[in-house]
Amino acid sequence: MHRRVRIAASVGLHARPAALFAQAAASRSESVTIAKVVDGVAGEPVDAASVLGVMGLAAHHGEEVELTCADETSLDELAALLEQDLDKAPV
């Protein structure tokens with residue numbers, strides 16, 4: 001299953017937001033990937049549980065990413081996480 005989501009974090013997927021997202025992805029029993037979408041085309045996916053992989057996407061506020069996961073509930077929860085400003089979210 002795939003889901004496209006706009007990054008709400010004011011700093012994009014940098015440091016803290018990337019770490020919070022990767023931690024949530026790592027807690028899933030199934031594999032989750034994330035890819036940056038450019039001009040409507042998803043790029044090369046990376047392991048969403050990897051902080052460095054997520055940061056390496058260089059996804060900025062308002063840009064779109066594509067999540068891929070076999071479990072729809074996990075997909076919904078991870079998408080909802082990215083739709084929040086994780087830079088301001090409580091720990």
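None of these values were measured; they are calculated from a predicted model. (Residues numbered from 1 in each chain as written. Predicted model: local features only at pLDDT ≥ 70, side-chain atom pairs only at ≥ 80, totals over all residues. Heavy atoms only, no water.)

*Asks:* I'm lost on the overall build of the protein in this one. Help?
*Replies:* Counting its secondary structure elements, the protein contains three helices and five strands. Over its C-alpha atoms the protein spans a radius of gyration of 11 Å, differing by no more than 12% from the 12 Å that the globule rule assigns to 91 residues. Its C-alpha atoms give the protein principal-axis dimensions of roughly 30 × 30 × 20 Å. Evaluated residue by residue, the protein yields a buried proportion of 37% over its 91 residues. Element-wise, carbon and sulfur atoms account for 54% of the exposed surface of the protein, whose accessible area totals about 4800 Å². (Helix = DSSP H or I, 4+ residues; strand = E, 2+ residues; numbered from the N terminus. Rg over C-alpha atoms; globule rule 2.2 N^0.38 Å. Buried < 20%, exposed > 50% of the residue type's maximum accessible area, 1.4 Å probe, protein only. Areas by Shrake-Rupley, 256 points an atom, 1.4 Å probe, with all protein chains shown as cover.)

*Asks:* Explain unusual backbone geometry to me, please; I cannot follow it from the model alone.
*Replies:* Note: most peptide bonds trans; most residues except glycine with negative phi. Phi is positive for Ala15, which is not a glycine, with a value near 30°. Relative to the helices and strands, Ala15 is located in helix H1 (residues 15–26). In this model, Asp39 sits at a positive phi of 55°, which is unusual for a non-glycine residue. You can see Asp39 is positioned in the loop between strand S2 (32–38) and strand S3 (41–42).

*Asks:* Explanation requested: the side chain of Lys36 in the structure shown.
*Replies:* You can see Lys36 is positioned in strand S2. Side chain to side chain, Lys36 and Glu63 meet in a polar contact 3.3 Å long. Once you skip the residues sitting within four places of it in the chain, Lys36 turns out to touch Val41, Ala42, Gly43, Leu57, Ala58, Ala59, Glu63, Glu64 and Val65. (Polar contact = N/O pair within 3.5 Å; in protein donor to acceptor, adjacent residues only side chain to side chain. Contact = heavy atoms within 4.5 Å.)

*Asks:* Looking at this structure, how should I read H1?
*Replies:* The terminal C-alpha atoms of H1 lie 16 Å apart, and with twelve residues this matches the ideal 16 Å at 1.5 Å per residue to within 8%. The complete set of buried residues in H1 reads Pro17, Ala18, Phe21, Ala22, Ala24 and Ala25. Angularly, the buried residues of H1 cover 160° about the axis, an arc narrow enough to put them on a single face. Lining the buried residues of H1 we find S2, helix H2 (51–56), strand S5 (64–69) and helix H3 (72–82). (Expected span 1.5 Å × (residues − 1). Arc of directions from axis to C-beta.)

*Asks:* What is the right way to read the environment of Gly43 from this model?
*Replies:* As for its placement among the helices and strands, Gly43 is situated in the loop between S3 and strand S4 (46–47). Excluding anything up to four places from it in sequence, Gly43 contacts Ala35 and Lys36.

*Asks:* Can you help me understand the nonpolar core in this one?
*Replies:* A general feature of soluble globular proteins is that nonpolar side chains tend to end up buried together. Judged by nonpolar contacts, the single largest core of 23 residues is most densely connected at Phe21, Ile34, Leu67 and Leu82. At five residues, the largest contribution of residues to this core is made by H3. Residues within four places of Leu67 in sequence aside, it is in contact with Met1, His2, Arg3, Val5, Phe21, Thr33, Ile34, Leu75, Leu78, Ala79 and Leu82. (Core = buried A, V, L, I, M, F, W, Y, C linked by side-chain atoms within 4.5 Å.)

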